[in-house]
Amino acid sequence: MRATARQISFADWELMRQRDQGIRLEPLLEAISGFLDDQRDVIERVRRDLVRGLKQPDSGRHGLTATQVLRSLVLMRLKNWDYRELRERIADGLTLRQFTDFYCAPVPKHDAFQRGFIRLTPQTLRAVNDLVVRAAIELGLEDGAKLRVDTTVVQTDIHHPTDNTLLWDVVRVVTRLVRRLAKALELQRIKGFCDRTRAARRRMYEIQRMTTRQRHEQQTRTYRVLIDIAEEVVGNARAGLERTHTMRGSIRHVVVCALVSRWLPTRRFIPSSSPIPT
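The rules behind the values
- Residues numbered from 1 in each chain as written.
- Predicted model: local features only at pLDDT ≥ 70, side-chain atom pairs only at ≥ 80, totals over all residues.
- Heavy atoms only, no water.
- Core = buried A, V, L, I, M, F, W, Y, C linked by side-chain atoms within 4.5 Å.
- Buried < 20%, exposed > 50% of the residue type's maximum accessible area, 1.4 Å probe, protein only.
- Helix = DSSP H or I, 4+ residues; strand = E, 2+ residues; numbered from the N terminus.
- Contact = heavy atoms within 4.5 Å.
- Phe/Tyr/Trp six-rings, centres within 6.5 Å; stacked < 30°, edge-to-face > 60°.
- Lys, Arg positive; Asp, Glu negative; His and termini not counted.
- Salt bridge = Lys/Arg side-chain N within 4 Å of Asp/Glu carboxyl O.
- Axes fitted to C-alpha atoms, helices over the stretch in contact; angles between N-to-C directions.
- Parallel < 35°, antiparallel > 145°, perpendicular 65-115°, else oblique.
- Left-handed = near helix turned anticlockwise from the far one by under 90°.

### A look at the nonpolar core
Counting residues in each nonpolar core, the largest one holds 30 residues, and the members touching the most others are Leu 75, Leu 86 and Phe 113. Elements with a contribution of two residues or more to this core: helix 2 (27-37), helix 3 (40-51), helix 4 (66-79), helix 5 (83-92), helix 6 (94-99), helix 7 (110-118) and helix 8 (122-138). Contacts of Leu 86, omitting those with residues within four sequence positions, involve Ser 72, Leu 75, Met 76, Trp 81, Phe 113 and Phe 117. Counting residues in each nonpolar core, the second largest holds 24 residues, with Trp 168, Ala 200, Tyr 223 and Ala 230 among its members.

The following block contains the structure:
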């Protein structure tokens, strides 16, 4: 069951009286709280999003109210907290309980905030963001002339960057770019460049599949072989660029040469057991 605001209890009334004893919100939150009290249309949009898709929105146990969701979201954005810290701060602080409209009510777990926030539509989130910006402008905190954005890390299909897979990436990508270079020059292959992708892939998988005992006995030797292969591929690619530098090619040739040059490491590969120069 979702409500716009919850019913005030006697304990909440007693907590409200603490303001007369010097327990007050910080000036910024107090100003924003007064600003949010006047945004009835945004609170109603949040309430509609929370009950969206529910078959019986007026029955069931009580969830977070629209006011609690809106104020908790604004607090989270202002303080740059994660869900766990948001929940802990609200539960431990009298003033934050007042700001988020929890007062003496129990604060739910952090995932309840997450479930409430993700039910908000992009249009409602845009309205909340505009609301925060408008409040900052009216309170003199921002002029609204600059736009600052944040990003969220999401899962993607990039493998975990271990040493052996990074070396394999160098061999794989440099070989692919050299093939494109040969195709741009209308050649079967770049003279002096050998395809070592199979050998590099074999060593990469050997390192990944080693047991703990094998790592102590074979890892250093296998790593050195993989490093030698990567250095050979890089050296041959650099020599191939020098060899084809004087050949007349198209714009595509120039672009591919730039890509190969960008991918060529400027430092030598260093085994993990060797001291890294500072």
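### Some details on the packing of aromatic side chains
Tallied over the full model, the rule gives 3 aromatic pairs. Consider the rings of Tyr 83 and Phe 117, whose centres lie 5.9 Å apart with planes at 35 degrees: the pair is tilted. Within this pair, whereas Tyr 83 is found in helix 5, its partner Phe 117 is found in helix 7, the two being separated by 34 residues in sequence. Overall, Phe 117 belongs to the buried group, its relative accessible area being 6%. Taking the centre distance of 6.3 Å and the plane angle of 55 degrees together, the rings of Phe 113 and Phe 117 count as tilted. With Phe 113 and Phe 117 both in helix 7 and 4 residues apart, this pair spans about one turn of that helix.

### Let's talk about the side chain of Asp 49
Of note, Asp 49 is situated in helix 3. Buried within the structure, Asp 49 lacks any salt-bridge partner; its nearest side chain of opposite charge belongs to Arg 52, at an N-O separation of 4.1 Å. Ignoring anything within four residues of it in the chain, the contact list for Asp 49 reads Arg 119, Leu 120, Thr 121 and Thr 124.

### Considering the packing of helix 9 (residues 163-184) against helix 11 (residues 212-243)
For the pair helix 9 and helix 11, interaxial distance at closest approach is 10 Å and the crossing angle is 25 degrees. Taken as axis vectors, helix 9 and helix 11 run roughly parallel relative to one another. Here helix 9 and helix 11 pass one another in a crossing that is left-handed. Here Asp 163, Asn 164, Leu 167, Val 170, Val 171, Val 174, Thr 175, Val 178 and Leu 181 of helix 9 come into contact with helix 11, specifically with Tyr 223, Leu 226, Ile 227, Ile 229, Ala 230, Val 233, Val 234, Ala 237 and Leu 241.

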